[in-house]
Every structure is written in structure tokens, then in C-alpha cells.
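Now for the letters of each chain:
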Amino acid sequence: MARRSQRKSDSRKVKAKQWYKVVGPDMFGKSPVGETLASDPSKLMGRVIETTLGELTNNFSKQNTKLKFKVDQVAGDSAYTMFVGHELTSDYVRSLVKRRTSRIDSIIDVTTSDGYRVRVKPSCFTVKRARTTQVKTIREIASSIILEKAGALDLNQFIQEVVLGRLSLDIYKNAKEIYPLRRVEIRKTEILARPAAS
């Protein structure tokens with residue numbers, strides 16, 4: 001008897017839930033991301049939704065780029081999101097690492113022209129093993145290009161540069177003068193702080 005009444009109450013909880021359409025941020029053209037279930041719109045606020053750039057753009061060569069969005073507004077049956085970060089899949093990054101080569105990682109905190117603080121993690125992969133001085137110089141080049149770009153662009157423009165590979169290409173063009181590079185990727189970004197509302 002007790003079990004049966006327990007099941008009834010569980011099914012009532014599920015029925016009370018509603019599907020909400022998840023909408024991507026402006027920088028991704030407010031593309032539909034998917035749907036999520038919630039019993040109350042307030043429970044959606046702050047929920048982190050993951051998708052891939054491939055799913056968002058219908059370009060399946062971009063499946064290795066994971067995007068993270070956070071629900072910041074609910075209107076009707078739509079949940080609107082803001083960008084909180086991106087990351088390359090770990091198996092893709094592992095596939096770039098080869099024996100007798102160097103992987104040059106950095107962590108750079110930047111501020112965009114519209115006041116967002118963003119942590120950027122670039123990785124440079126060399127053709128052969130680089131010397132310590134070359135590694136240091138390549139790291140400095142990557143850091144200065146990322147700082148310069150972030151200072152000149154707002155968050156939307158900067159993230160577009162990152163996920164579409166234009167920032168990686170700029171680093172590659174400049175750093176390959178120091179030592180031959182096989183690939184440059186921005187493996188991760190995350191929003192550290194948003195500008196204070198004025």
C-alpha cells in the first residue's frame with residue numbers, strides 16, 4: 001500500500017514539470033540549444049547547459065569544441081543563456097600530443113574592452129622538441145597577442161575570435177618564426193568576472 005501511494009506522488013511531481021526551450025547567447029545568434037525540464041522557472045536560473053560548437057552551427061567538424069552556457073533569464077517557455085566558457089574535448093587535445101615534441105601551455109587572465117575578465121588557456125604544439133628559451137619566447141608571444149586582442153575587442157568579438165580559430169591562427173603565424181609549430185589551439189576559456197552594473 002505504502003509503495004503504491006509513493007509512486008502516485010512521484011508521478012504527480014513529474015507531471016508538474018514543464019519543458020523549456022534553451023536559447024543560446026547573442027554571440028551565437030540566439031540559436032536553439034535544446035530543451036530542459038523544470039518544475040518552476042526559478043529553478044532554471046543559474047543552470048549550466050553544455051553543447052558543442054558543431055551542434056550549434058550544424059558543422060560537425062567542430063564537435064571537439066564544448067560550449068558552456070548559463071541560464072540567466074526565463075520568459076514564457078524559453079530559457080535565455082549567457083556564455084560562461086568553452087573547452088576542447090580531452091581526447092582531441094590528447095590526439096595533438098606527439099612523442100618527441102613540445103606542448104607549450106599557458107594560463108592568461110585578460111580583460112575585454114567591455115570589462116569582462118576572462119581566463120584563456122592556449123596550447124602550442126611544436127614539430128620537434130623545443131629548447132627552454134624557445135618555449136619561453138613562444139609563451140610570451142601567445143600571451144602578448146591574447147592580451148592585445150582582448151583589450152581591443154568586446155566579449156562577443158573576443159569569444160568569436162577564440163572559437164572560430166582566428167586567435168589561434170594569429171599566435172601560430174607569429175610564434176612559428178621562433179620554432180616550427182604543428183598546431184595552436186585555445187583549449188579553454190572561462191569568464192572570471194562580469195563588469196559591475198553601472
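See the structure printed just above.
On a predicted model such as this, the values are computed, not experimentally measured, just so you know.

Asks: I'd like to hear about helix α5 (residues 155-163), residue by residue, with values.
Replies: Taken together, the buried positions of α5 are L155, F158, I159, E161, V162 and V163. Its side-chain oxygen 3.2 Å from the backbone nitrogen of N156, D154 forms the N-cap of α5. Remark: G165 follows α5 within two positions and exhibits a positive phi of approximately 85°.

Asks: Before we move on, can you summarise the environment of I104 with the specific residues and values?
Replies: Within the secondary structure layout, I104 lies in strand β6 (residues 103-105). Sequence separation between I104 and L192 is 88 residues; the distance between their C-alpha atoms is 23 Å. In this structure, I104 is in contact with P122, S123, C124, T126, V135, I138 and R139, ignoring residues within four places of it in sequence.

Asks: Mind laying out the nonpolar core, listing which residues take part and the relevant values?
Replies: Counting residues in each nonpolar core, the largest one holds 44 residues, and the members touching the most others are F28, I146, F158 and I171. The contact partners of I171, leaving out residues within four places of it in the chain, are C124, A142, I145, I146, V184 and I186. Formed by five residues, the second largest nonpolar core is a distinct cluster that contains L88, Y92, L96 and F125.

Asks: For helix α6 (residues 166-175), give the residues involved together with the corresponding values.
Replies: Restricting attention to buried positions, one finds in α6 the residues L167, S168, I171 and A175. Relative to the axis of α6, the buried residues are bounded by an arc of 100° and lie together on one face. Of the surrounding elements, those touching the buried residues of α6 are β8 (117-126), α4 (132-152), α5 and β9 (181-193).

Asks: Help me get a handle on the environment of L67, residues and values and all.
Replies: Along the chain, the position of L67 falls in strand β4 (residues 65-75). A residue is classified by how much of its surface remains accessible, and L67, at 0% relative accessible area, is buried. Each C-alpha atom, one on L67 and one on T36, is 16 Å from the other, the two residues being 31 residues apart in sequence. Each residue touching L67, except ones within four places of it in the same chain, is listed here: F28, I49, E50, T51, T52, L53, L56, F83, G85, H86 and V163.

Analysis parameters
Residues numbered from 1 in each chain as written. Predicted model: local features only at pLDDT ≥ 70, side-chain atom pairs only at ≥ 80, totals over all residues. Heavy atoms only, no water. Buried < 20%, exposed > 50% of the residue type's maximum accessible area, 1.4 Å probe, protein only. Helix = DSSP H or I, 4+ residues; strand = E, 2+ residues; numbered from the N terminus. Polar contact = N/O pair within 3.5 Å; in protein donor to acceptor, adjacent residues only side chain to side chain. Contact = heavy atoms within 4.5 Å. Core = buried A, V, L, I, M, F, W, Y, C linked by side-chain atoms within 4.5 Å. Arc of directions from axis to C-beta.

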